[in-house]
Amino acid sequence: MILLDDVTLTYPDGDSRVTAIDHVSLEGRPGLVTGITGPSGSGKSSLLALAATLARPDTGRVVVDGVDATGLSAAGRTALRRERIGIVFQQPQLLPALTAREQLCVMAELGGRGRRARRAAVRGRVDELLDAVGLGDHADRRPAQLSGGQRQRVAIARALVHEPRVLLVDEPTSALDSTRGAEIMALLSRLTRERDTATLLVTHDLVHAGALDATVEVVDGRASLVASPV
Ligand code: ADP
Ligand code: MG
């Protein structure tokens, strides 16, 4: 579960501050994809940054899988992300020198306690995850040898390596044609159900509304629920 409770986010703007997110509340439940739509500049990525605990809210609180991030230190938030949150950015952000399999294995090398145990667990999961995103035959390819859609699939598999309870995805189809985009959306919808993640997915393209279980529209930093789960 991911809960944003009355969050506000401002950015510095000269001598004053500009409000990007204005008292927004929303909840993402396990096994459901909650879509976040809205025009460019409306605050969608800012909302995701709050959910990811990458940005700190000016007001309100963010609760990730039962853990209130409000009082956590920077190190505490880093640990929370490492343990409970998977993030897929607009661009796949892969390391050019690494194969698809290595992009996932590298996640086991991030700091934190229990690294040895985590390394063994991750290695056991990597091939299964690459299969799950349809890249079982491409595990030894580097990013330059993969298409845009395949790179985004690697990024999705990588986000799931540590079995997060919360999956945050920002405009995953923006660089893809409509067929490839629809495939990525269907994949995210299936993985959300199979892995029971609470998924928040930013998309400005309502062509993909069919893959969303609920939709929240953000306009000028304010959110309204336009469709809720049945
Ligand atoms: P969206 O993802 O919906 O396009 P953003 O969350 O990126 O919107 O941006 C919302 C508003 O906040 C915009 O007016 C944008 O210019 C502003 N903004 C975003 N990031 C920053 C930042 N780091 N510093 C200052 N203003 C920002
Ligand atoms: Mg954005």
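What counts as what
Starting from 1, residues in each chain are numbered consecutively following that chain's sequence as written. Numbering of ligands from 1 and lettering of chains from A proceed in the order in which they are written. With pLDDT at 70 or above as the cut-off, local features in this predicted model cover only qualifying residues; side-chain atom pairs require 80 or more to be listed or tallied, and sums for whole chains, interfaces and linings still use all residues. As a rule here, side-chain values come from all non-hydrogen atoms in the structure, and water together with hydrogens is ignored. A run of H or I in DSSP becomes a helix once it reaches four residues, and a run of E becomes a strand once it reaches two; helices and strands are each numbered from the N terminus. We compute the radius of gyration over the C-alpha atoms and compare it with the globule rule, which gives 2.2 Å times the number of residues raised to the power 0.38. Note on classification: 1.4 Å probe, protein chains only; a residue is buried when its accessible area is under 20% of the maximum for its type, exposed when over 50%, partly exposed between these limits. Two residues form a contact once any of their heavy atoms are found within 4.5 Å. All accessible areas in this document rest on Shrake-Rupley with a 1.4 Å probe, and a residue is counted as covered only by the protein chains that are shown. Neither His nor the chain ends is counted toward charge; the positive residues are Lys and Arg and the negative residues Asp and Glu. In plain terms, the charge of a residue is placed at NZ if it is Lys, CZ if Arg, CG if Asp and CD if Glu. When DSSP finds at least two bridges between two strands, those strands are taken to pair. Axis geometry follows a simple rule: fit a line to the C-alpha atoms, using only the stretch in contact for helices, then measure angles between N-to-C directions, giving values from 0 to 180 degrees.

Asker: Sorry, what's going on with the overall build of the protein chain here?
Answerer: Of the regular secondary structure elements, the protein chain holds 6 helices and 10 strands. For 230 residues, the compact-globule estimate of 2.2 N^0.38 gives 17 Å, and the protein chain sits close to it at 17 Å. When the backbone C-alpha atoms are referred to their principal axes, the protein chain occupies close to 50 × 40 × 40 Å. Burial statistics for the protein chain: of 230 residues in total, 47% are counted as buried. Considering only contacts in the protein chain between residues 6 or more positions apart, those separated by 24 or more positions represent 69%. Summed over all atoms, the accessible surface of the protein chain reaches about 10,800 Å², with 49% contributed by carbon and sulfur. Taking the average place of the 28 positive charges on the side chains of the protein chain and the average place of its 28 negative ones, the gap between the two points comes to 8 Å.

Asker: Can you walk me through helix α2 (residues 74–84) in this structure?
Answerer: Think of an α-helix as 3.6 residues a turn; residues three or four steps apart then line up on the same face. Looking at α2, one finds that the buried residues are Arg77, Ala79, Leu80 and Arg81. On the buried face of α2, the contacting elements are β4 (59–64), β5 (67–68) and β6 (85–88).

Asker: What exactly am I supposed to notice about the pairing of strand β2 (residues 16–28) here?
Answerer: Two elements, strand β1 (residues 2–13) and β2, share 9 bridges in a ladder whose sense is antiparallel. The residue bridging Tyr11 from the neighbouring strand is Val18, located in β2. Counting the residues between successive antiparallel strands, the hairpin from β1 to β2 contains 2 residues, one of them, Gly14, with a positive phi of roughly 65 degrees.

Asker: Hey, could you run me through the sheet that holds strand β7 (residues 166–170) in this one?
Answerer: Backbone hydrogen bonds are what pair the strands of a sheet, in a parallel or an antiparallel way. Read from one edge to the other, the open sheet built from 6 strands follows the order β6-β7-β8-β3-β9-β10, with strand pairing classed as mixed. Edge positions in the sheet fall to β6 and β10 (222–227), since each has one partner strand and no second. Going across the sheet, the axis of each strand differs from the next one's by a mean of 20 degrees, ignoring polarity. Looking at chain direction, strand β9 (residues 214–219) and β10 are connected through 5 bridges and run antiparallel. Note that in β10 the partner of Val218 across the bridge is Ala223. Lying over the sheet, helix α5 (residues 148–159) contacts β6 and β7, oriented at roughly 170 degrees with respect to β6.

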